Amino acid sequence: MSKGLSLWFAFSSIVLLTVTAITISYNGWLATLLFVLSMANIVWGFIIRAKKERQEARSASESAS
């Protein structure tokens with residue numbers, strides 16, 4: 001995964017979790033929704049990273065053959 005994309009996922013996850021922490025005292029349902037979105041964002045980042053690593057491994061094995 002590129003550094004820019006990694007930075008984007010890190011920054012967006014921090015923002016979502018911060019907003020979640022702030023909304024806990026105002027609205028529980030909104031905080032729950034934001035928490036689910038935060039976790040989905042983090043998982044999506046891991047999925048993209050795994051796909052990129054698989055593509056790089058495939059291209060390296062094809063070029064070695």
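Everything numeric here is computed off the predicted structure, so don't read it as measured data.

1. Looking at a nonpolar patch on the surface
- There is a patch of nonpolar side chains on the surface, built from Trp8, Phe11, Val15 and Val19 and spanning about 390 Å² of accessible area.
- Residue placement: tryptophan 8 occurs in helix 1 (residues 3-23).
- Residue class for tryptophan 8 comes out partly exposed when judged on its relative accessible area of 49%.

2. A word on the UniProt feature "transmembrane region" (unreviewed entry) in the protein chain
- This chain's UniProt record puts "transmembrane region" (unreviewed entry) on residues 31-48.
- In residues 31-48, helix accounts for 100% and strand for 0%; the two terminal C-alpha atoms are 26 Å from one another.

3. Section: the side chain of serine 12
- If you trace the backbone, serine 12 turns up in helix 1.
- For serine 12, a relative accessible area of 10% gives the class buried.

Rules behind the numbers
- Residues numbered from 1 in each chain as written.
- Predicted model: local features only at pLDDT ≥ 70, side-chain atom pairs only at ≥ 80, totals over all residues.
- Heavy atoms only, no water.
- Patch = residues over 30% accessible without salt bridge, like charges linked within 9 Å, V, L, I, M, F, W, Y side chains within 5 Å.
- Areas by Shrake-Rupley, 256 points an atom, 1.4 Å probe, with all protein chains shown as cover.
- Salt bridge = Lys/Arg side-chain N within 4 Å of Asp/Glu carboxyl O.
- Helix = DSSP H or I, 4+ residues; strand = E, 2+ residues; numbered from the N terminus.
- Buried < 20%, exposed > 50% of the residue type's maximum accessible area, 1.4 Å probe, protein only.
- UniProt positions renumbered as here; feature names shortened; annotations may be inferred.

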